[in-house]
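Structural description and commentary
Now for the letters of each chain:
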Amino acid sequence: MTFPQFGRLYFVIVGHRDQPLFEFEALKHDDSTSSIPLQREDYRHLCQFVVHAALDAVEASLVGPQGSQMFFKNVDRFNEWSVSAFVTSSLIKFVLLHPVRDDSQSAMRKEESDIIRNFFYAVYEIYMKLALNPFYELDSEISSRGFREKLHQLVKKHLLNL
């Protein structure tokens, strides 16, 4: 079974040692065209590669003139994907790989930027609730089914209409 490359969303929470703490991928149901169909595992590895490569750009943004910000839009691009990131005060990184929708594919529209920013703040809220749980060890893999379900609801609410 093949999955379309364009129209997929890939979200990952990255820990302090650049290890993935949580991964989530979603397919936009209205998108059925693809230039290069990929197997599910190949797609996952490609997304991991793109996100890992974008971490350098995220960390460079932290020390630059935008260093006091938490949300970074379009920190990197790969083909028809754009990478946006959110860095918490404890330097945990939320990274979203999403399709570029502009015709010029050079800049994100303001409304898309606001949608992604709102999504990141909503994820930050549920992440903080998890981090404050005494049974969760910080910087460890997130395996909570409740967290995954809440994140799935946030993706449906915020991102599937991008």
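Residues numbered from 1 in each chain as written. Predicted model: local features only at pLDDT ≥ 70, side-chain atom pairs only at ≥ 80, totals over all residues. Heavy atoms only, no water.

All right, on to the pairing of strand E5 (residues 93–99) then. Among the seven residues of E5, seven are classified as buried, and the element is accordingly described as predominantly covered. Burial along E5 is two-sided: the face carrying Lys93, Val95, Leu97 and Pro99 and the face carrying Phe94, Leu96 and His98 are both buried. Of the pairings in the sheet, the one linking strand E1 (residues 8–14) to E5 comprises five bridges and is antiparallel in character. Note that in E5 the partner of Val12 across the bridge is Val95. In this sheet, E5 lies alongside strand E4 (residues 81–87) in antiparallel orientation, the contact comprising seven bridges. Bridge pairing in E5 links Val83 to Leu97. Here E4 folds back onto E5 in antiparallel fashion, the turn holding five residues, of which Leu91 has a positive phi close to 65°. (Buried < 20%, exposed > 50% of the residue type's maximum accessible area, 1.4 Å probe, protein only. Helix = DSSP H or I, 4+ residues; strand = E, 2+ residues; numbered from the N terminus. Pairing = 2+ DSSP bridges.)

With 15 residues, helix H3 (residues 145–159) should cover 21 Å at 1.5 Å per step; its first-to-last C-alpha distance of 20 Å lies within 8% of that length. For H3, the full list of buried residues reads Phe147, Leu151, Leu154, Val155, His158 and Leu159. Each buried residue of H3 lies within a common arc of 105° when the element is viewed along its axis, so the set occupies one face. Opposite the buried face of H3, by more than 90 degrees, sit the exposed residues Arg145, Gln153 and Lys157. (Expected span 1.5 Å × (residues − 1). Arc of directions from axis to C-beta.)

Keep in mind these values describe shape, not function.
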